[in-house]
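Next come the chains, spelled out residue by residue.
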Amino acid sequence: MILKKNCDQKLINGKVYAESLTTQIKQDVINLQQISGITPGLAVILVGNDSASEVYVRNKTKQTHAVGMRSFMHLLPEKTTEEELVKLIKRLNQDTDIHGILVQLPLPKHLNTDTIIQAILPSKDVDGLTAYNTGKLSLGHQDGFVPCTPLGCMYLLQKEAPPLKGLHAVIIGASNLMGKPMAQILLNQNCTVSIAHIDTVHPELLARQADILIVATGCQGLVKGSWIKPGAIVIDVGIHRIETTNGKTKLIGDVVFDEAIAIASKITPVPGGVGPMTIACLLQNTLKAAKKMLN
Ligand code: NAD
């Protein structure tokens, strides 16, 4: 009983933080409508039939409506060409009802992700992946867009971690979507930042030095309890759907949760940790884009 209580106290409840952020956003949307008559609009583009992406896109649409924003969904067939997709993005760039554009990744293999992302107008790039917004983040400018998942992780750290200045943050995973912007965000907070990736030799040695350990590899159960420094804060970004013995499925992360919770001081669960924050931060970025357009 006492053990369970201790474990509960260690959980970083992303669902609760995301709910409080979306409640605030909902109120801000009402205020914006009253002041300017503008309703923030988010366009989401999904190419192909990836089932996980379909679930993510459905959730995004539902939550966009829930905060009073307009949602514009573009479901395109798998065989869509680069030219067709860029043409659509350029049309959405010009559409004044749309303040944010998100292209759901991964794209089918025949499409060049970078070409597609760079076609988005930086002022509508609510996923923060264009070269312009990446540059803004690395310069420490506040007026660009930061990718939603690392932004959500940072929100949780600011709520749950001690002052970040001087702490050693280790990020395992170096993608453009997550690891690299996360490193930049933490560097901007004066953390000492280390990044490990697929070619890092003995990532566990690096991980064991971390005051803050952030894991985003797509490698199920990579981080064991023995990788974690006692008292560290662990943020698990990974999401994997696995089958359980009773024939059902459940979500797990990149961290072996039962081992990690015994050693960490705080940890995000999967589900209910980083995931809900990603969508809340997407809505926050869309609101920011609408306000910027007004100015
Ligand atoms: P990615 O495949 O683009 O990048 C993975 C990174 O991890 C790469 O830098 C790679 O070098 C590194 N890596 C892979 N295996 C490794 C290993 N064994 N050891 C060390 N490094 C390794 O993936 P991504 O888009 O960054 O996503 C990572 C994970 O986060 C996935 O499970 C994804 O589903 C999840 N994700 C979750 C959310 C959310 O909202 N919770 C959002 C985005 C991604």
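Each remark here, short or long, concerns the structure printed above.
Residues numbered from 1 in each chain as written. Predicted model: local features only at pLDDT ≥ 70, side-chain atom pairs only at ≥ 80, totals over all residues. Heavy atoms only, no water.

S.K.: Where do I start with the site of the ligand in this structure?
M.R.: Near the ligand there are 20 residues, and of these Ala174, Ser175, Ile198, Val237 and Thr278 occur at the shortest range. The separation between an oxygen atom of the ligand and a polar side-chain atom of Ser175 is 2.5 Å. Residue His197 places a main-chain N or O atom 3.5 Å away from a nitrogen atom belonging to the ligand. Contact with the protein chains hides 72% of the accessible area of the ligand, taken as 860 Å² for the molecule alone. The element that contributes the greatest number of residues to the shell around the ligand is helix H11 (residues 274–294), accounting for three residues. (Near = heavy atom within 4 Å. Polar contact = N/O pair within 3.5 Å; in protein donor to acceptor, adjacent residues only side chain to side chain. Areas by Shrake-Rupley, 256 points an atom, 1.4 Å probe, with all protein chains shown as cover. Helix = DSSP H or I, 4+ residues; strand = E, 2+ residues; numbered from the N terminus.)

S.K.: What exactly am I supposed to notice about the sheet that holds strand S7 (residues 233–236) here?
M.R.: For sheets, the rule is that strands pair by backbone hydrogen bonds, running either parallel or antiparallel. Taken in spatial order, the five strands make up an open sheet running S5-S4-S6-S7-S10, and their pairing is parallel. Both edges of this open sheet fall to strand S5 (192–196) and strand S10 (266–267), since each of them pairs with a single strand only. Bridging between strand S4 (residues 168–172) and S5 involves five bridges; their strand directions are parallel. Residue pairing in the sheet places Ala169 in a bridge with Val193 of S5. Of the strands in this sheet, strand S6 (212–215), S7 and S10 touch helix H7 (residues 148–160), which is tilted by about 155 degrees from S7. (Pairing = 2+ DSSP bridges. Contact = heavy atoms within 4.5 Å. Axes fitted to C-alpha atoms, helices over the stretch in contact; angles between N-to-C directions.)

S.K.: So what exactly am I meant to see when it comes to the packing of aromatic side chains here?
M.R.: Each aromatic ring pair is described using two quantities: the centre-to-centre distance and the angle formed by the ring planes. On inspection of all chains with the given rule, the structure shows one aromatic pair. Taking the centre distance of 6.2 Å and the plane angle of 75 degrees together, the rings of Tyr17 and Tyr155 count as edge-to-face. Separated by 138 residues along the polypeptide, Tyr17 in helix H2 (residues 14–36) and Tyr155 in helix H7 bring together distant segments of the chain. Above the face of the Phe145 ring, Lys288 is positioned so that its terminal group lies 5.5 Å from the ring centre. (Phe/Tyr/Trp six-rings, centres within 6.5 Å; stacked < 30°, edge-to-face > 60°. Lys NZ or Arg CZ within 6 Å of the ring centre and 35° of its normal.)

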